[in-house]
Amino acid sequence: MPHKLFRLGALLTALTLALTACAPGASSSGSAASSSESIPVDASSMVMQDAVPTIEPEPEPEPMPVLTQEDIDAALVQVMENYSAAGVTVATVERGLVSQAGAWGWAVKNEREMTPDTKIRIASISKVVIAMCAMAMAEDGLIDLDAPISDYWGNGTTNPYVKTPPTARTFMTHTSSIKNLDTTRGLSKLKGILQSKSSWRSVEPGNRGGWSYSNFGMCILGTTLELAADQLLDDYLQARLLEPIGAKASFCGGKMDVNEVATLYSGGSIGRSAAEHAGQSIPTQIGQTASYFPGGYTTSAVDMAKLVAVLVNDGVYKEQIYGYTEVKDVENGTELMVAEPLPGKYKETRLLTEESVADMETPRFRVELADYASFEQCLILRRQENVLDQDVLYYHTGSAYGVYSLMTYNPETQNGIVVISTGARRNMNEKGMYALCYDLMEILYAKMEEQPV
């Protein structure tokens, strides 16, 4: 079994600022009691008074990431002493910056090691990406999230049993009233399903009593976005969200090279091979990607962490700006350029408005579950308090073909983590999160909150 590989650099370091000493002001021989008398002020005293500088308080240094590569490696070793898996990959966001990443095990058993850049079908965390696309399209004026979906699908594509029409927003809270049918694709087939009375439940859309987690609903939501924008959702995703932050990912596995994709292991067998996933057909028409929307998003832990960073920064992607220093190797005379982070210097790219992220994070209602902790349903995102020793966490889970994944973030601390595993056993804890992923996050969140030495 190979050890973990890492991608991101070492811990970012803070530099101290020096204050220049200020000259002392002139002393006065007069008493406080004499201050009520009228004393003329001459020009020389005014000059002296103006010469005394105003002392500004030293600004608090901006908190910097504290995790090291050694922290990631040690956490993976510690957790994997208690679990079995084919491969695990993790990436972290600290103070709004993608900070560290690591991996353990195999991308393809006995052939290719897992790395933080290995592309993996991330399962239902895909739904978070759909939600971000929906918010971006609303900002761009391409869709009204509160308009009836029939505005985009045509007449008859609505629930005939209720007065309130389903909207894109109700699909984002799993309250659209559509039944959770088998996932499928093809525009005409999907439209026929929407026009069939048997596809709908007799509950009002948007009503929390009608909450029903629906993969099929994501087929409809994603295709609704395509109809509204008159383009493939994956094409929109690439240009609007991924390319500006240098992320390589896709709803279409066929866009990935087989040598960068992981084989998905379900227990001891293959759930889906890397060749099978990379060999998927690439859609060319609206509706053909529909079956990929519920869970087919293929990404790495690092590139998914970039989208998490956008959410924790209220819609902005921040990258550290580095300075370069020329250093000479005294042994062989080689000139080297050493990169060092410039404290407080960032490149910022706004992808969503602060209002859009707040809308995504606003709880609509509480979902009570029989076997697991309740959570607040937001727009695709889920919210729990007092979990992983955090006051509040937004999150989503994913499972399919042997993948168990978890993304979480705390908007107050601006910290977040993405964990993706393949070949592990299905082991969900009382919080409704996969235990391997949860335990790894618990260690890393605790480390993030330690003060740097």
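About the thresholds
- Residues numbered from 1 in each chain as written.
- Predicted model: local features only at pLDDT ≥ 70, side-chain atom pairs only at ≥ 80, totals over all residues.
- Heavy atoms only, no water.
- Helix = DSSP H or I, 4+ residues; strand = E, 2+ residues; numbered from the N terminus.
- Buried < 20%, exposed > 50% of the residue type's maximum accessible area, 1.4 Å probe, protein only.
- Contact = heavy atoms within 4.5 Å.
- Areas by Shrake-Rupley, 256 points an atom, 1.4 Å probe, with all protein chains shown as cover.
- Pairing = 2+ DSSP bridges.
- Expected span 1.5 Å × (residues − 1).
- Patch = residues over 30% accessible without salt bridge, like charges linked within 9 Å, V, L, I, M, F, W, Y side chains within 5 Å.
- Salt bridge = Lys/Arg side-chain N within 4 Å of Asp/Glu carboxyl O.
- Lys, Arg positive; Asp, Glu negative; His and termini not counted.
- Charge placed at Lys NZ, Arg CZ, Asp CG, Glu CD.
- Axes fitted to C-alpha atoms, helices over the stretch in contact; angles between N-to-C directions.
- Parallel < 35°, antiparallel > 145°, perpendicular 65-115°, else oblique.
- Left-handed = near helix turned anticlockwise from the far one by under 90°.
- Nonpolar A, V, L, I, M, F, W, Y, C, P; charged D, E, K, R; others polar.
- Core = buried A, V, L, I, M, F, W, Y, C linked by side-chain atoms within 4.5 Å.
- pLDDT = per-residue confidence, 0-100.
- Phe/Tyr/Trp six-rings, centres within 6.5 Å; stacked < 30°, edge-to-face > 60°.
- Lys NZ or Arg CZ within 6 Å of the ring centre and 35° of its normal.

(A) Structural view of the overall build of the protein. Secondary structure summary: the protein contains 12 helices and 15 strands in total. Residue burial in the protein is summarised as follows: out of 453 residues, 51% are buried. Partitioning the intrachain contacts of the protein with sequence separation of at least 6 by distance along the chain shows that 69% fall at a separation of at least 24. Accessible area for the protein stands at about 20,900 Å²; split by element, carbon and sulfur atoms hold 49% of it.

(B) Expanded view of the sheet that holds strand β13 (residues 390–400). The strand order across the open sheet formed by nine strands is β3-β2-β1-β15-β14-β13-β12-β11-β10, and the pairing between neighbours is antiparallel. Looking along the sheet, the strands with just one partner apiece sit at the ends: β3 (112–113) and β10 (365–367). Pairing of β13 with strand β14 (residues 403–410), which is carried by seven bridges, proceeds in the antiparallel orientation. The residue bridging Gly398 from the neighbouring strand is Ser405, located in β14.

(C) Expanded view of helix α3 (residues 126–139). For α3, with 14 residues, the first-to-last C-alpha span of 20 Å sits near the 20 Å given by 1.5 Å per residue. Across the 14 residues of α3, 12 count as buried, placing the element largely inside the fold. Of the residues making up α3, those classed as buried are Ser126, Lys127, Val128, Val129, Ile130, Ala131, Met132, Cys133, Ala134, Met135, Ala136 and Met137. Gly141, located one to two residues past α3, shows a positive phi value of around 75 degrees.

(D) Just a negative patch on the surface, in detail. A cluster of like negative charges, contributed by Asp389, Asp391, Glu412, Glu442 and Glu449, occupies part of the molecular surface. Mapped onto the elements, Glu442 comes out in helix α12 (residues 435–448).

(E) Quick look at the pattern of salt bridges. With the rule as written, the count across this model stands at 14 salt bridges. With a closest N to O distance of 3.0 Å, Asp359 and Arg169 form a salt bridge. Within this pair, whereas Asp359 is found in helix α11 (residues 354–361), its partner Arg169 is found in helix α5 (residues 168–172), the two being separated by 190 residues in sequence. In this structure, Glu376 engages Arg383 in a salt bridge whose closest nitrogen and oxygen atoms are separated by 2.6 Å. Considered together, Glu376 and Arg383 belong to a single accessibility category, that of buried residues.

(F) Quick look at the packing of α3 against helix α7 (residues 215–229). Two numbers describe how α3 lies on α7: the axes approach to 11 Å, and their chain directions differ by 30 degrees. It follows that α3 is roughly parallel to α7 by the angle criterion. The interaxial crossing formed by α3 with α7 has left-handed handedness. Residue-level contacts link Lys127, Ile130, Cys133, Ala134 and Met137 of α3 to Asn215, Met218, Leu221, Leu225 and Ala229 of α7. Classifying every residue of the contact of α3 with α7 gives eight nonpolar, one polar and one charged.

(G) Main features of the environment of Ile282. Relative to the elements of secondary structure, Ile282 occurs in the loop between α9 (274–278) and β7 (298–299). As for Ile282 and Phe251, which are separated by 31 residues in sequence, their C-alpha atoms are 9.6 Å apart.

(H) View of helix α8 (residues 233–242). Here α8 lies mainly inside the structure; eight of its 10 residues are buried. Three or more residues of α8 are buried, namely Leu233, Asp234, Tyr236, Leu237, Gln238, Arg240, Leu241 and Leu242. The secondary structure elements touched by the buried residues of α8 are α3, α7 and α10 (301–312).

(I) Spotlight on the nonpolar core. Core analysis: the biggest nonpolar cluster contains 80 residues, and Met132, Tyr297, Met304 and Met407 have the highest contact counts within it. Not counting chain neighbours up to four residues away, the residues in contact with Met304 comprise Ile122, Ile125, Val129, Tyr297, Thr299, Met407 and Val418. Ala424, Cys437, Leu440 and Ile443 belong to the second-largest nonpolar core, a separate cluster that totals 34 residues.

(J) Seen up close, the confidence of the model for the protein. Looking at the protein as a whole, the pLDDT averages 88, with 85% of positions reaching at least 70. Here residues 1–49 scores under 50 on pLDDT; set against residues more than four positions off or in separate chains, the count is 59 contacts.

(K) Molecular detail of the packing of aromatic side chains. With the rule as written, the count across this model stands at five aromatic pairs. On the numbers, 5.5 Å between centres and 20 degrees between planes, the contact of Tyr394 with Tyr409 is stacked. Of this pair, Tyr394 sits in strand β13 while Tyr409 sits in strand β14, placing them 15 residues apart in sequence. We note that Tyr394, like Tyr409, is buried. Of note, Arg272 hangs over the ring of Tyr401, and the distance from its end group to the ring centre comes to 4.3 Å.

(L) Seen up close, a nonpolar patch on the surface. On the surface, a cluster of nonpolar side chains totalling about 360 Å² of accessible area is made up of Tyr322, Tyr324 and Met337. Turning to its location among the elements, Tyr322 is positioned in strand β8 (residues 316–328).

(M) Broad picture of unusual backbone geometry. In this model, Ser177 sits at a positive phi of 80 degrees, which is unusual for a non-glycine residue. Inspection of the secondary structure assignment puts Ser177 in the loop between α5 and α6 (187–195). Phi is positive for Asn386, which is not a glycine, with a value near 55 degrees. Relative to the assigned elements, Asn386 resides in strand β12 (residues 382–387).

(N) Here's a closer look at the pairing of strand β1 (residues 87–94). Of all eight residues in β1, eight are buried; the element is thus mostly enclosed. Of the two faces of β1, the one lined by Gly87, Thr89, Ala91 and Val93 and the one lined by Val88, Val90, Thr92 and Glu94 are each fully buried. Note: β1 against strand β15 (residues 415–422), seven bridges, orientation antiparallel. Across the sheet, the residue bridging to Val90 is Val419, located in β15. Of the strand pairs in this sheet, β1 and strand β2 (residues 97–108) are connected by seven bridges, and their pairing is antiparallel. In the sheet register, Val93 faces β2, and the bridge partner there is Val98. The antiparallel pairing of β1 with β2 creates a hairpin that spans two residues between the two strands, and Arg95 there sits at a positive phi of about 50 degrees.

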